[in-house]
Every structure is written in C-alpha cells, then in structure tokens.
Amino acid sequence: MAFTTLRLPPYPKLVTNNRFSGIFASQFHSSALPSRLVLGSSSSCVGTLSLSINHHSSRWSSTTFTCFSQTSELSVSVDTYGNNIIGGGGREHALCYALQRSPSCDAVFCAPGNAGISTSGNATCIPDLDIFDSLAVISFCSKWGVGLVVVGPEAPLVSGLANDLVTAGIPTFGPSAEAAALEGSKDFMKTICHKYGISTAKYQTFSDASAAKQYIKEQGAPIVIKADGLAAGKGVAVATTLEEAYKAVDSMLVEGIFGSAGYRVIVEEFVEGEEASFFALVDGENAIPLESAQDYKRVGDGDTGPNTGGMGAYSPAPVLTKELQNVVMESIILPTVKGMSMEGCKFVGVLYAGLMIDKKSGLPKLIEYNVRFGDPECQVLMVRLESDLAKVLLAACRGELKGVSLKWSPGSAMVVVMASKGYPGSYEKETVIRNLEEAECVAPAVKVFHAGTAFDSDGNFIATGGRVLGITAKERDLEEARDKAYLAVEEINWPGGFYRQDIGWRAFPQKQFSRNA
C-alpha cells in the first residue's frame, strides 16, 4: 500500500492512503499520531478518522474522523428513519474534501466511508472498525492518541456521545446531549426562544390529538405541524387545509408514524416568506458566522410534493444580505449562545439556524435549530471555504473563536441532488450509476459528492440510499454555477435516479427557469 506522508510543523503527522480499505491502525505507531478524531455520519473526515457508531443501543449512523493535525472537524448527516439508514455521506464527503485541503491536516481517514469517498482521493476509508459501540471509539482514541473528536450527526449528539468522550478526557467538537436538545426537542428550542427573546413563529405543544385539533381549528389554515423529536427531516407537515392538519396530527399522535419522536407535536403558525440557512461555529461563549446558503426541501419542481432531506442548495443566498446576516447574529445566534450558557449547557459545535424571512416585516424568524451542518448546504459551503477548517474547528473546541474570521472564495456555488426514484418514499436500491468521471470533467470546479453509493461485484457504482449524489459547481456567479452543475448532472447515466430541474429558481425570479430531464 502506498502512503503519502506530510509533516507541517508544529502539526502532528498525518498519513494518506486513498485506496486502503482495511484497518489502518496497525500500520502506524501511536507516537506518530497525536491526532484528531471526527465523528460523523457515513463518511467524513478531514484530518480525522471517520467512524459509524451505535451509542447506548440506539441505532444511528455516524462517522468518525481521526485527524493527525492541529484540528479536524466533521459533521455528519444521514437520512435515517427509525432503524433504517437511508443516507450517510454527502455532507461527510464534503467535509473530507475541505479537511483534506486544510494545511493543518496531513491526511484524512474516514470509516466506514462510501464508495465515492474511497475513490475520490479525499480520504482513506476504514470500513472494518466496529462502529456500533461508542466504547470502541473511546478505546480507539486512547490507543492512538487522538486529540480531537468532532461529532457530526444529530442522533449520537442527542444520545450523549460528546458527553462520553469529554468524560473520557477526549477533546470533542460537538454539543453535549443537553445542548443538542436544541435539535432533539423542538419544544425545548421554542422554550429557549421564549425565555431569551428570540424571534420565532407562534406555537403550542400537544401530546393529545383532540387538544391539538381544537387549537388548529381556532388558528385556521395554513398551519404547520411538527414532530417534537428527531424524524430525519420528515417530521414536518405544512397543512394548507384543516383536514390536512388533522391528518398530520393523527399520523403523529395516534398512528405513531415517527415513533417516540412524534409523541409530542408542535403546532406552529405558518410564516409566509423565503427560507434561508444560517450556520455559525460556536465555542460555548463566542460564535462566528459561515457564509449564507439556501436549500430546497420539497421533492418536486416549483417546491411541490413532500419534504425531503434537501434536493439542492446554493451559496451565497441573495435573500440573506449582509445587513440581515448581522441581524441574525445579533438577535438569534448570539442570544441563543448566551442563553445556553446561562442554562448551564454551553453549546460547542455547529449551530444551524433554519430561518424564514418574513414577507411582511422582512425580518428573520427562527424556524428550527440543527446542531450540525446541513446537507446539502455543507457541500456548497465547503467548496467555497478557503480558511483552514481544521484549525478553526480546534479553536472552537478550545474556546478560542473570538477574533477568528473565515475566508471564502468569491462567486457562487450550487449543488443539485440526485436521488433514487421514489424518494422520499420507498425506492429501489442497487441501481447502477455510470459516467461520474465524465460529469466531473464538465468543468474544473465541478465536484460530485457521494452520499449513498457502493460498488457491485463488477466494480460499478450503485445507489444504496435515497439521496445518492450531490453534483456541485463553483463559478463566478450563481447563473454560471447553476449551468455547470446541470451540465454535469446531464452527463450522469443513471436511469434509476431523478433530480429537481429548478434549483436556484428563487434567485432568478425573472426567469422561473425549468430544465428538461
């Protein structure tokens, strides 16, 4: 096996082997690995080693990265529902890509990773580590001198993985279970908003279906119904009629389609406006913003059909002007960081605010918090980031973000998600995907990020998830990025897949463009 080793003083040693698929630990001496470990969903790394784990017997997919450098970070996102892992890697692949470019990291390892990550050169995938035991992760960190763990997916964070790692004396980028409740419980998030004066939609919480329906009748439609807990991005219903709202309540509280995540529901006012995603890195007391982004949750063109994990995104988002970003930081992000500190559960990690820019007032309202990078927004952010991601993440873990600023490439980036036909419902797996190399040759700034891929016995890429690929392009402006992304999409030969043809339409209201599949 061929390794490329780099040492950039004063950073520890990292080793790269993009074709190695076995356990890498036996190949290194612990003295050479004052490393960093990142946990995320299926694959992600960047100066880190990525693993998937099962914590406290709760089935979730996570990816952990070990970075032998000054910093490493990984945010994981997987489309999961109950015990079914249906994604795991688009955001992680993007993080591997960014961390590999980080001067602080000499190598990137990702376990388990996926077929695309293993062949991209962005990370070494480690599929043979037992990823369903958090104690194994702690043991691994101790054995190999891992110096930083970054936990990506929301489920392990909510379950308390960061707590366990910190208790074991392992520096960890990612919120505690108590702080991760900002995503794990929408009722908790709303309570924090109310207590600390953070603008959000009016709401009430219910565990009784009849009471929820009575409130809905009083408020009228349109109205929004949300499962209180984690539902893999599928626990939100925007009801345009009372009948739709009643049906959503019954599906969650009576039929239990989201299990324990839907034992309580949030009934929320419908806020008309434009959605935007706002990300900030937080060190417990300080926060620094990332660039703006906007994603497309609905499965169909024209924002029709059910919600998904995300069918595309672009950055920057024109709706989030610099003035509005300042408003978000001052009125939403910083009060949340201060409030969580006052509550005794300091937040360390990525704070992702899902916003609605109110059509009436033009001001942002907080719709939800996630405690990790969004997917697919992470893809467009990582291709634009020029700062040393690993170094910045380590600063967050050390409480040293004050005064830190990030550098971004000019221009715009867009990602178009290709998903298996039938998603977000049932879909066929193991359909063959061809011409991925041809897609990346459309333009130098095109990158295909893999989410749910594997190899078949003939060495072909096959789809193993709902959202499978994120075709991302970075260009001088958003229109050029959109054109390059769709040109790359059209190169891909995948009869079993589909994609939205109108990603970016909000930024081009005068064109309302549509594309032919």
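Just so we're clear, the structure is a prediction, and the values are computed from it rather than from any experiment.

A closer look at the overall build of the chain
Here is step 1 of the chain: Looking only at helices and strands, the chain features 14 helices and 29 strands.
Here is step 2 of the chain: The buried share of the chain, taken over its 517 residues, is 61%.
Here is step 3 of the chain: Contacts spanning at least 24 positions in sequence make up 70% of the contacts within the chain whose residues lie at least 6 apart.
Here is step 4 of the chain: Put simply, the chain shows about 19300 Å² of open surface, and 50% of that area lies on carbon and sulfur atoms.

Considering a negative patch on the surface
Here is step 1 of the chain: There is a patch of like negative charges on the surface, built from Glu437, Glu438, Glu440 and Glu491.
Here is step 2 of the chain: At three residues, the largest contribution of residues to the negative patch is made by helix H13 (residues 436-440).
Here is step 3 of the chain: When you line up the elements, glutamate 440 lands in helix H13.

Digging into the packing of helix H6 (residues 177-184) against helix H7 (residues 186-195)
Here is step 1 of the chain: Between H6 and H7, the shortest axis-to-axis distance is 6 Å and the interhelical angle comes to 100°. In terms of orientation, H6 and H7 fall into the roughly perpendicular class. Contacts between H6 and H7 involve Glu178, Ala181, Leu182 and Gly184 on the former and, on the latter, Lys186, Phe188, Met189 and Ile192.
Here is step 2 of the chain: Of the residues belonging to the contact of H6 with H7, the class tally is five nonpolar, one polar and two charged.

With respect to the packing of aromatic side chains
Each pair of aromatic rings is reported with the distance of its centres and the angle of its planes.
Here is step 1 of the chain: Inspection of every chain in the model, using the stated rule, returns seven aromatic pairs.
Here is step 2 of the chain: Ring plane angle 80° and centroid distance 5.6 Å describe the contact between tyrosine 97 and phenylalanine 449, whose orientation is recorded as edge-to-face. With tyrosine 97 in helix H1 (residues 90-100) and phenylalanine 449 in strand E25 (residues 446-450), the pair connects residues that are 352 residues apart, well separated along the chain.
Here is step 3 of the chain: Look at phenylalanine 449 and you get buried, because its relative accessible area is 0%.
Here is step 4 of the chain: Following the ring pairs from residue to residue traces out a cluster consisting of Phe279, Tyr352 and Phe373.
Here is step 5 of the chain: The lysine or arginine in question, arginine 506, covers the ring of tyrosine 296, its NZ or CZ lying 4.1 Å from the ring centre.

Points about the environment of glycine 300
Here is step 1 of the chain: Of note, glycine 300 is situated in strand E18 (residues 298-300).
Here is step 2 of the chain: On the accessibility criterion, glycine 300 (15% relative accessible area) is buried.
Here is step 3 of the chain: For the pair glycine 300 and aspartate 502, spaced 202 residues apart in sequence, the C-alpha separation works out to 9.0 Å.

Let's talk about the confidence of the model for the chain
Here is step 1 of the chain: Looking at the chain as a whole, its pLDDT mean stands at 79, while 78% of the residues score no less than 70.
Here is step 2 of the chain: Contacts of residues 1-88 to residues separated by more than four positions or lying in other chains number 442 contacts, the stretch itself having pLDDT below 50.
Here is step 3 of the chain: This model gives residues 512-517 a pLDDT under 50, and the stretch forms 18 contacts once residues within four places in sequence are excluded.

Some details on helix H3 (residues 134-144)
Here is step 1 of the chain: Regarding H3, the residues found buried are Ser134, Val137, Ile138, Phe140, Cys141 and Trp144. Buried residues of H3, viewed axially, fall in a sector of 160°; they line one side. Structural note: H3 exposes Leu135, Ser142 and Lys143 on the side pointing more than 90 degrees away from its buried face.
Here is step 2 of the chain: Just downstream of H3 lies glycine 145, where phi reads positive at about 65°.

Cut-offs and rules
Numbers given for residues are sequential positions, taken from 1 along each chain in its written order. Where local features are concerned, this predicted model is filtered to residues with pLDDT of at least 70; where side-chain atom pairs are given and counted, the filter is 80 or more; whole-chain, interface and lining totals use all residues. The basis for every side-chain value is the complete set of heavy atoms in the structure, and neither hydrogens nor water enter the calculation. Helix and strand labels come from DSSP, where a helix needs a run of H or I of at least four residues and a strand needs a run of E of at least two; each type is numbered from the N terminus. Using a 1.4 Å probe on the protein chains alone, a residue whose accessible area is under 20% of its type maximum counts as buried, one over 50% counts as exposed, and one in between counts as partly exposed. Here, two residues are considered to be in contact whenever any of their heavy atoms come within 4.5 Å of each other. Method for areas: the Shrake-Rupley scheme with a 1.4 Å probe, in which residue coverage is limited to the protein chains shown. Patch membership requires over 30% relative accessible area and the absence of a salt bridge. Like charges are linked within 9 Å, and nonpolar side chains (Val, Leu, Ile, Met, Phe, Trp, Tyr) within 5 Å. The working definition used for a salt bridge is a side-chain nitrogen of Lys or Arg within 4 Å of a carboxyl oxygen of Asp or Glu. When charges are counted, Lys and Arg are positive and Asp and Glu negative, with His and the chain ends excluded. Taken as the charge location is NZ of Lys, CZ of Arg, CG of Asp or CD of Glu. With axes taken as lines fitted to C-alpha atoms, and helix axes fitted only over the stretch in contact, angles between N-to-C directions fall between 0 and 180 degrees. When describing relative orientation, an angle under 35 degrees is termed roughly parallel and one over 145 degrees roughly antiparallel, while 65 to 115 degrees is termed roughly perpendicular and anything else oblique. Under the convention adopted here, Pro, Cys and the residues Ala, Val, Leu, Ile, Met, Phe, Trp and Tyr are nonpolar, Asp, Glu, Lys and Arg are charged, and Gly plus all remaining residues are polar. Two rings belonging to Phe, Tyr or Trp (six-membered ring only in the last case) form a pair when the distance between their centres is within 6.5 Å. Interplanar angles under 30 degrees mark stacking, angles over 60 mark edge-to-face geometry, and anything in between is tilted. For a lysine, the NZ atom is tested; for an arginine, the CZ atom; a charge sits over a ring if that atom is within 6 Å of the ring centre and within 35 degrees of the ring normal. Known as pLDDT, the predictor's per-residue confidence is scaled from 0 to 100. An arc is given here, and it is the one of the directions from the helix axis to the C-beta atoms.

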